[in-house]
Amino acid sequence: MSENAGSRNPLQLRDQPETCRTADAEERSAWQRVIGRFADNCRARSLFVLHYCTGCGAIELPPTITSRFDMERVGVSPMVTPRQADILLITGYVALKTLKRVILSYEQMQAPKYVIGFGSCTINGGMYWNSYATIKQLDQYIPTDLFIAGCMPRPEAVQEVFLELMRMIDAGKANAWRDYYRNYDHYLANQQALFGPQWHTPTDIVAEAKHYGLMGPGTTGPHTRLLDQHAEWALDRIPEDYPERGENERSER
Amino acid sequence: MTLSLLAELIVMPLIAFVVGLALVLMMRRVRARIERRIGPPLLQPVYDIVKLYAKRTQVSHGIMHDLAIVMLLGGITTSVCFLPVPGLEGLARQGDLLTLVYLMMVPMLGLALGVGSCANPNGSIGISRALTAMLAYDVPFVFVVIGLAVAYGTTSLPEIIAHQQSGGIATWGAAEMPLLAIAGFIAMHAMLGKEPFEIYVAPAEIATGPMAEMSGKYMGALFVMQSFQLYTIGALYVTMFLGGGENWLTFLMKLFAVVFVSVALTNVYGRYKTDKVIRFMWTWPTGIALAGLALVMMH
Amino acid sequence: MSLLDILFLGALAVALAMALLGGTRPAGVIATLSYAALLAVLALMEPLLAQSNAAIASSVKFQIIGEEIGWSMNGLGWFFALITVAAALFASWFSSGQWGAVQYDMRRQHVLLAVNVFAMLVLLSSQDLLGLFIGWELVSWASFAMMTQRGGAAARAAYRYILYALAGAMAVLAAIVIIRAHAASFNFADARMAVAALPSATKWTVVALLTAGFGVKMGLLPFHLWQAPAYSETPGASSAFLNAISARMGLYALIVTLLQVIGTDVLTNLSVQFIWLDARDIIMWLAAVTMVVATFIALMQTDARLLLTWHGIGQGGYMLLGVLIASPLGTAGGLMHVMNYGIYQAALILSVASVMHRTGTSDLDRLGGLITRMPLSYVTMLMGIIGLAGLPPMNGFVSKWMIYKSLLEGREPLLLALAFVTTLGTILSVYKLIHNIFLGQLRQEHWEIREAPLSMTVPMLLLGAICFVTGAMPGLTLQLVDRAQAAIGVPLLAHHLGGVTLATGSLNMLWVVGTMLAMMGMGAVIFYLLGGRHRAVHQYDNYAGGHFLSADLRYHFSHEFYPGLARVIGPWYRGWIVRAEASLIRLSDIIGHAWRGSFDAGITPLYVMAALVAGLLWVRSAGGLP
């Protein structure tokens, strides 16, 4: 399963970030580059974290946030819903049931968004590597910016990864989220391999990619076509004249 | 005349925004210090807002969701224009204290409509609680406003300030009407929506209520609103009870002092239940305000 | 033939035309145009009233017990007549298209609307006590007919109303008899002199009888029980008319009797020992308590129409408060509130009626998310609720502000506090109204719903627009209020287009609204230009703690919208208010059962006439006239 799904080296993004990034239309002029630079600078200094505490790793977060290490010093603060958050921090093993919710939450986050896999479990399954009910590599299903190795990583390691992420954002290199739009078919294929052909989330990623100009060669494909047959928002369970859909079509033109 | 007024209408919201950002920073720093942390860097409120406005994808739940944000930003900046500050009177003579009190409800209404159109029950519950809290804290606040209006014989804010500044600290509202000042302070504190009256945010219960579905610039507008709110509520209290500002230095000192006391108190409380908020606000502050009003009426 | 004659004849002609043509398709259009013509007649009367400040007399007169009874319309009646005819205009416009076509008894509704307008015009042109009483009876029976047209719950409520109204009318008649016995004339001016000379106990009796009698129509506490069920069960357009103006006839009669016949000086001299209150204070407190109680009952309603009609009762309190302060600011505020309230209440009721037209329900627990389907109705309701809640920039804010200021000037802090608390309760309940109907999740069964047709949305939106324009430029309404104030004899309030300038804090709505619009424009720039792109998503793409939302799972918060508040004030409802209501209902049931046998005989009008004749005979004997 994992082989033919084209698994990636977790460190690949970190080493060669430029490979999946082309210049946006908005970054062409010098003025817009300045703005973009300023925005990246601010993004790096203000990170709202959605803690998806799946396993034992959650216990390392209170010291990271509270008076011992105080992550607010560098602008990292916890947030409650995926809509508000920038970072999805997945702390521990991801069971299949959990993965569905992780994907839903990830898709409900608004770009630029970053995923940090915390602990060995998210890298290779860790001590759950031979479990039938957990996934082994998180980045097959959602694009992950950084991993923290260890079982379990200490708060210092969590801090280090936040600082590294900030450096990446500041340099405009934390772009795994673009990969999800550009290669959605690939991620969807892996998700469908687990959950079956009827798998879909409430979020219409392809429409989003079109709307925001984030389409890539792998955005659509055989697997996204399955969505049209199964997703609620593509079926007549939401009627055609639903105004929000009409508005999407307008903005595409 | 018209030009200078227009300039004031531009400058007043800007000042309010900048001071409000500083107040937000102070609030977060004070909280951090009480928790023995260091707290966010100087420009953290700016980073947050710029980051939110620079989001690449943002979720809207229909046109009303967008218009609500516009209404919210418009309402909160309008109310700032009716709040006189040293040297800048703005529109304070075109409306009065009563107008200001009602204008301050317009952004609330905008927020409520936007949150409602998100179709998220967490948000609706949050608004239900926020409006309930408003009903709770506005009862003592109403008595405070009435007491003030009766005592000064006017509801015009510039005249209220002029009266208080006529004789130094002895003619401050807080010195002349200490009971109303106390009740007013509790009501103001509840208006800020911080603990123990933080029922409508309640992150652990209703996922930050009204903010649950807010992303990017929507959330950014709420951050802007928060800074304006800290400014407006603090400045209104200073105007009503602490003699307004003779100059910017004293005005800002008073403003920061009021908000400091409030945010410092916040950190030692947990969160009341909704009905507990109502019961509290309708007993102690209302009782104190009524006693203050009775004293004022006797004079 | 004076303009007033034309007005009367016009109203009668509409009624006649509707009796003949009411069932046909163009009936609604004809009615709308006729009311527009009546409105034009009223507009022609304005310069005459402004010039001489005199009343415009009708040529209809008759003699009774040696006195000439006639009708003439002064500024006060003219002001109310304007609202009446305008309300009828919008109601018939609303029913001129699809809404009227689906009603099975549209002809009757048209006729009854016209009859009501006529009856109200007669009442509003009364120039003496007997004319007032005749008009009052006409209005009572006309609105009874309107409420009872559908049968069922409405008829039961209407039956309760007519019990109250008859009792009230008898009280009024008794008061008139007492005044007449001393004044030897039905004339207002003579009556005023006679009342001033009465002993204090008789004054009290007269005041109590008049307040109770006319208070019934206004739903003044404790006579508030009939109105909400009766008005809300009436079909949409008629309900809008009833809500907008019908209950205000009680206010008109109270203004005429309390301010013109009795006079505030008499009221303030009637003091109660030991509690520092006089007769005026007691009525004002009654109004204030009505306001609070009715509003907080409205807050607990789960039906949109009931919620709005309960608010109607509450808003009546504001008007009475303002009028009884009797300062230029207070009366102007109170009278202005009559007009403002008529505008936004009609808009709100029509908006609910169009929702009912499409969905078939006004149950707040069975609606939601209709904003995507009925945006125009939503806009109307939004404008209406901002007006009802009394927030800027709508007109309700201006009149409420004036009432607050006048209470402050009259040094009535506690009444002012009650008025404020009522406003807060109103904000809570109107948000519940708009949220439960238009916001939140759209129900699956409402996916196919479309916006109401233009024949319904245009009058609604027009009302909303008037609500906004008269809010931004309150001077427009205040000009009309001037005529009414001049007729009562209260000094005119100095005003300009944007509001009033007072030494103790002014209000200029032009600046308030202008700044609001400018700042919202700035907010729009910040939102649309400085922020990035956004994308509208469907309602199931929503935060639910990781849960997958779908159409078969309702994810919506509407039932018992204010649970925290209900925990605190809920027991008060279950306690004395509900018990008091229940016992009053039981009392009226007992009276009703005692009467029912005679009602079944079908000779009701005969009874009324017998009562009238008996009353007149009593007048004759008491007055000792030939």
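Residues numbered from 1 in each chain as written. Chains lettered and ligands numbered in written order. Predicted model: local features only at pLDDT ≥ 70, side-chain atom pairs only at ≥ 80, totals over all residues. Heavy atoms only, no water.

(A) Structural view of the overall build of chain C. Across its full length, chain C holds 24 helices and seven strands. Here the C-alpha radius of gyration of chain C, 24 Å, is about what a compact globule of 626 residues would show, namely 25 Å. With the principal axes as the frame, chain C shows a C-alpha extent of 85 × 60 × 50 Å. Within chain C, the proportion of its 626 residues that are buried is 65%. For chain C, long-range pairs separated by at least 24 residues make up 78% of all intrachain contacts whose partners lie at least 6 apart in sequence. Distance from the positive charge centre (33 side chains) to the negative charge centre (27 side chains) of chain C: 5 Å. (Helix = DSSP H or I, 4+ residues; strand = E, 2+ residues; numbered from the N terminus. Rg over C-alpha atoms; globule rule 2.2 N^0.38 Å. Buried < 20%, exposed > 50% of the residue type's maximum accessible area, 1.4 Å probe, protein only. Contact = heavy atoms within 4.5 Å. Lys, Arg positive; Asp, Glu negative; His and termini not counted. Charge placed at Lys NZ, Arg CZ, Asp CG, Glu CD.)

(B) Expanded view of the packing of helix α18 (residues 395-409) of chain C against helix α19 (residues 413-438) of chain C. Residue and element names in this part refer to chain C. At a closest axis distance of 9 Å, the pairing of α18 and α19 adopts a crossing angle of 160°. The angle between α18 and α19 falls in the class roughly antiparallel. Every pair of crossing elements has a handedness; the one defined by α18 and α19 is left-handed. For the pair formed by α18 and α19, the contact residues are K400, Y404, L407 and L408 on the first element and L415, L416, A419, F420 and T423 on the second. Taken together, the residues of the contact of α18 with α19 sort by class into seven nonpolar, one polar and one charged. (Axes fitted to C-alpha atoms, helices over the stretch in contact; angles between N-to-C directions. Parallel < 35°, antiparallel > 145°, perpendicular 65-115°, else oblique. Left-handed = near helix turned anticlockwise from the far one by under 90°. Nonpolar A, V, L, I, M, F, W, Y, C, P; charged D, E, K, R; others polar.)

(C) Structural detail: the sheet that holds strand β5 (residues 146-148) of chain A. All names here are of chain A. Taken in spatial order, the five strands of this open sheet run β2-β1-β3-β4-β5, and their pairing is parallel. A single partner strand is all that each edge strand has here, and the edge strands are β2 (76-78) and β5. Each neighbouring strand pair of the sheet contributes to a mean axis angle of 25°, computed without reference to strand direction. Note that strand β1 (residues 47-52) and β2 share three bridges and pair parallel. (Pairing = 2+ DSSP bridges.)

(D) Fine view of helix α9 (residues 178-191) of chain B. All names here are of chain B. Between its first and last C-alpha, α9 extends 20 Å over 14 residues, near the 20 Å set by a 1.5 Å rise per residue. Buried residues dominate α9, accounting for eleven of its 14 residues. Burial in α9 covers these residues: L180, A181, A183, G184, F185, I186, A187, M188, H189, A190 and M191. Residues of α9 that are buried make contact with α6 (121-152), α8 (173-176), α11 (216-241), α12 (248-266) and α13 (274-298). (Expected span 1.5 Å × (residues − 1).)

(E) Geometry of the side chain of T426 of chain C. All names here are of chain C. Tracing the chain through its elements places T426 in helix α19. Judged by relative accessible area, T426 falls into the buried class, the value being 0%. Excluding residues that lie within four positions of it along the chain, T426 makes contacts with T295, H311, Q315, L388 and A389.

(F) Here's a closer look at the pairing of strand β2 (residues 67-73) of chain C. Residues and elements named next belong to chain C. Of all seven residues that make up β2, six are buried, and the element is covered over most of its length. Inspection of the sheet shows strand β1 (residues 56-64) paired to β2 by six bridges, in the antiparallel sense. Of the residues in β2, the one forming a bridge with I56 is M73. Linkage of β1 to β2, two consecutive antiparallel strands, is achieved through a turn of two residues, within which I65 is found at a positive phi near 30°.

(G) Inspection of empty space enclosed by the protein at higher detail. Residues and elements named next belong to chain B. One pass over the full model with this rule turns up 14 cavities of 30 Å³ or more. Its volume calculated, the largest cavity comes out at about 220 Å³. Every residue lining the largest cavity is counted, 15 residues in all, and those nearest its centre are M104, M105, M108, Y137 and M191. Put simply, the parts of the chain that give the lining of the largest cavity at least two residues each are α5 (105-117), α6 and α11. Grouping the constituent residues of the lining of the largest cavity by class yields twelve nonpolar, two polar and one charged. (1 Å grid on protein atoms, 1.4 Å probe; cavity = no way out; pocket = protein on both sides within 12 Å on 5 of 7 lines; lining within 4 Å. Points joined across faces, edges and corners; volume = space filled by probe spheres on them.)

(H) Fine view of unusual backbone geometry. Of the consecutive residues A111 of chain A and P112 of chain A, the connecting peptide bond is found in the cis state with omega at -5°. With respect to the helices, strands and loops of the structure, P112 of chain A is situated in the loop between α4 (96-108) and β4 (114-118). Cis geometry is adopted by the peptide bond preceding P393 of chain C, which originates at P392 of chain C and carries an omega value of 10°. With respect to the secondary-structure elements, P393 of chain C resides in the loop between α17 (375-389) and α18. The residue A207 of chain B is not glycine, and still its phi comes out positive at about 50°. With respect to the helices, strands and loops of the structure, A207 of chain B is situated in the loop between α10 (203-206) and α11. Even without glycine at this site, E560 of chain C takes up a positive phi of about 50°.

(I) Summary view of the interface of chain C and chain B. Chain C puts 74 residues into the contact, and the matching count from chain B is 78 residues. Of the roughly 6300 Å² buried between chain C and chain B on both sides combined, carbon and sulfur atoms contribute 73%. Taken together, the connections running from chain C to chain B amount to two salt bridges. D96 of chain B is the partner of K405 of chain C in a salt bridge, and the nearest nitrogen-oxygen pair spans 3.8 Å. Applying the counting criterion to the chain C and chain B interface returns 22 residue pairs in polar contact (both at pLDDT 80 or more). Contributions of two or more residues to the side of chain C that touches chain B are made by α17, α18, α19, β6 (507-508), α22 (509-530), β7 (535-536) and α23 (563-600) of chain C. Ranked by residue count, the leading element in the side of chain C that touches chain B is α19 of chain C, at 14 residues. For the side of chain C that touches chain B, the per-class residue count stands at 48 nonpolar, 20 polar and six charged. One ladder, built from two bridges, connects strand β1 (residues 59-60) of chain B with β7 of chain C; its direction is parallel. Bridging from a neighbouring strand, V59 of chain B pairs with R535 of chain C of β7 of chain C. (Buried area = accessible area lost by both parts, 1.4 Å probe. Salt bridge = Lys/Arg side-chain N within 4 Å of Asp/Glu carboxyl O. Polar contact = N/O pair within 3.5 Å; in protein donor to acceptor, adjacent residues only side chain to side chain.)

(J) Spotlight on the side chain of D482 of chain C. All names here are of chain C. Tracing the backbone shows D482 in helix α21 (residues 474-488). Buried and unpaired, D482 has no salt bridge, with R483 as the nearest side chain of opposite charge at 5.4 Å. Only 3.0 Å separates the side chain of D482 from the side chain of H495, close enough to count as a polar contact. If we ignore the near neighbours within four places in the chain, the residues touching D482 are L492, L493 and H495.

(K) Local environment of the packing of aromatic side chains. Counted according to the given criterion, the structure contains 33 aromatic pairs over all chains. Centroid distance F48 of chain A to F223 of chain B: 6.0 Å. Interplanar angle 25°. Geometry classified as stacked. Taken together, the residues span two chains, with F48 of chain A in strand β1 and F223 of chain B in helix α11. Just as F48 of chain A is buried, F223 of chain B falls in that class too. With 5.0 Å between their ring centres and 90° between their planes, F561 of chain C and Y562 of chain C make a pair best called edge-to-face. Classification of F561 of chain C by relative accessible area gives buried; the value is 1%. (Phe/Tyr/Trp six-rings, centres within 6.5 Å; stacked < 30°, edge-to-face > 60°.)

(L) Quick peek at the pattern of salt bridges. Residues and elements named next belong to chain A. All told, the structure shown has 27 salt bridges over all chains when counted by the stated rule. For R43, the salt bridge identified is with D40, shortest N-O distance 2.8 Å. With a gap of three residues between them, R43 and D40 both fall in helix α2 (residues 30-45), about one helical turn apart. As far as burial versus exposure is concerned, R43 and D40 are alike and both buried.

(M) Local environment of the environment of L96 of chain A. All names here are of chain A. With respect to the secondary-structure elements, L96 resides in helix α4. Judged by relative accessible area, which is 28%, L96 ranks as partly exposed. Setting aside anything within four residues of it in sequence, one finds L96 in contact with Y132, A133, I135, L194 and F195.

(N) Region of the structure containing the confidence of the model for chain C. Looking at chain C as a whole, its pLDDT mean stands at 83, while 94% of the residues score no less than 70. Per-residue pLDDT, averaged within each element of chain C, yields its smallest value for helix α24 (residues 604-623) of chain C (70) and its largest for α17 of chain C (91). (pLDDT = per-residue confidence, 0-100.)

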